[in-house]
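# Observations on chain architecture
Each chain, letter by letter, is given below.
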Amino acid sequence: MDLARDILAGLFLSAGAFFLIAGAIGMNRMPDLFTRMHAASVGDTLGVSLMLIGMVFLAGFTLVTLKLVFLLAFLLFMGPVASHALAAAALQAGVKPMLAADGTKKSAAKRRKSAAKGRKP
């Protein structure tokens, strides 16, 4: 029984670590504030939640489990609220989200510039 509990906890902890790393990579690769914020909030909320669930399995039925459950409930409530507040503040400050059409125009402009630099006069 202990082996099954440890394997299950290990799976949750590994999945949580995967989502945290994926969120960190997404923060580095995304082009603007809003997409970076999305990658960070989803990766953080899901990754830490899975890791806390894995810790609950490792702790067994103790007072520590109750504390971890309260921490999980707090995280699941505050993570999306903080992301929403950050997005609302950015919009109020005048930060515009990059639209899909903007990205294709910028990438096409970059291709034209690189092609123009490569040509000989």
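Each remark here, short or long, concerns the structure printed above.
Structural notes, computed from the coordinates. Predicted model only: the values in this text are computed from it and were never measured. (Residues numbered from 1 in each chain as written. Predicted model: local features only at pLDDT ≥ 70, side-chain atom pairs only at ≥ 80, totals over all residues. Heavy atoms only, no water.)

### Examining the overall build of the protein chain
When you go through the protein chain residue by residue, the secondary structure sums to four helices and zero strands. Its helices and strands in sequence order give the protein chain the pattern α-α-α-α, from N to C terminus. In the protein chain, which comprises 121 residues, the share counted as buried stands at 21%. Put simply, of all contacts in the protein chain between residues at least 6 apart along the chain, 71% involve residues at least 24 apart. Accessible surface, the protein chain: about 8900 Å² in total, of which carbon and sulfur atoms supply 73%. (Helix = DSSP H or I, 4+ residues; strand = E, 2+ residues; numbered from the N terminus. Buried < 20%, exposed > 50% of the residue type's maximum accessible area, 1.4 Å probe, protein only. Contact = heavy atoms within 4.5 Å. Areas by Shrake-Rupley, 256 points an atom, 1.4 Å probe, with all protein chains shown as cover.)

### Examining the packing of aromatic side chains
Considering all chains together, one arrives at two aromatic pairs under this definition. Ring geometry for F12 and F57: centres 5.5 Å apart, planes at 25°, overall stacked. Highlighted residues: F12 in helix 1 (residues 2–29) and F57 in helix 2 (residues 33–59), separated in sequence by 45 residues. Judged by relative accessible area, which is 23%, F12 ranks as partly exposed. Between F18 and F19 the ring centres are 5.4 Å apart and the planes differ by 70°, which places this aromatic pair in the edge-to-face class. Residue F19 is classed as partly exposed on the basis of its relative accessible area of 30%. (Phe/Tyr/Trp six-rings, centres within 6.5 Å; stacked < 30°, edge-to-face > 60°.)

### Observations regarding the environment of V69
Within the element layout of this structure, V69 appears in helix 3 (residues 63–92). Owing to a relative accessible area of 43%, V69 belongs among the partly exposed residues under this scheme. The sequence separation of V69 and S49 amounts to 20 residues, and the corresponding C-alpha distance is 9.8 Å.

### Some remarks on the pattern of salt bridges
Applying the stated criterion to the full structure yields one salt bridge. A salt bridge links D2 to R5; its shortest N-O distance comes to 3.9 Å. Here D2 pairs with R5, and both are found in helix 1, just three residues apart, close to one helical turn. Note on R5: relative accessible area 32%, which makes it partly exposed. (Salt bridge = Lys/Arg side-chain N within 4 Å of Asp/Glu carboxyl O.)

### Details of the packing of helix 1 against helix 2
The description of two helices packed together rests on the angle between their axes and the distance between the axes. Packing of helix 1 against helix 2 leaves a shortest axis separation of 7 Å and a crossing angle of 165°. Viewed along their axes, helix 1 and helix 2 adopt a mutual orientation that is roughly antiparallel. Two packed elements cross with a definite hand, and for helix 1 against helix 2 that hand is left-handed. When its residues are assigned to classes, the contact of helix 1 with helix 2 shows 19 nonpolar, six polar and four charged. (Axes fitted to C-alpha atoms, helices over the stretch in contact; angles between N-to-C directions. Parallel < 35°, antiparallel > 145°, perpendicular 65-115°, else oblique. Left-handed = near helix turned anticlockwise from the far one by under 90°. Nonpolar A, V, L, I, M, F, W, Y, C, P; charged D, E, K, R; others polar.)

### As for helix 3
The end-to-end C-alpha separation of helix 3 is 43 Å, in line with the 44 Å expected for 30 residues at 1.5 Å each. If you check which residues of helix 3 are buried, you get T65, L68, L72, L75, G79, S83, A87 and A90. As for helix 3, its buried residues are in contact with helix 2. Among the residues of helix 3, the N-terminal cap falls to T62, whose side-chain oxygen and the backbone nitrogen of V64 are separated by 3.3 Å. Just past helix 3, the residue G94 takes up positive phi, approximately 100°. (Expected span 1.5 Å × (residues − 1). Polar contact = N/O pair within 3.5 Å; in protein donor to acceptor, adjacent residues only side chain to side chain.)

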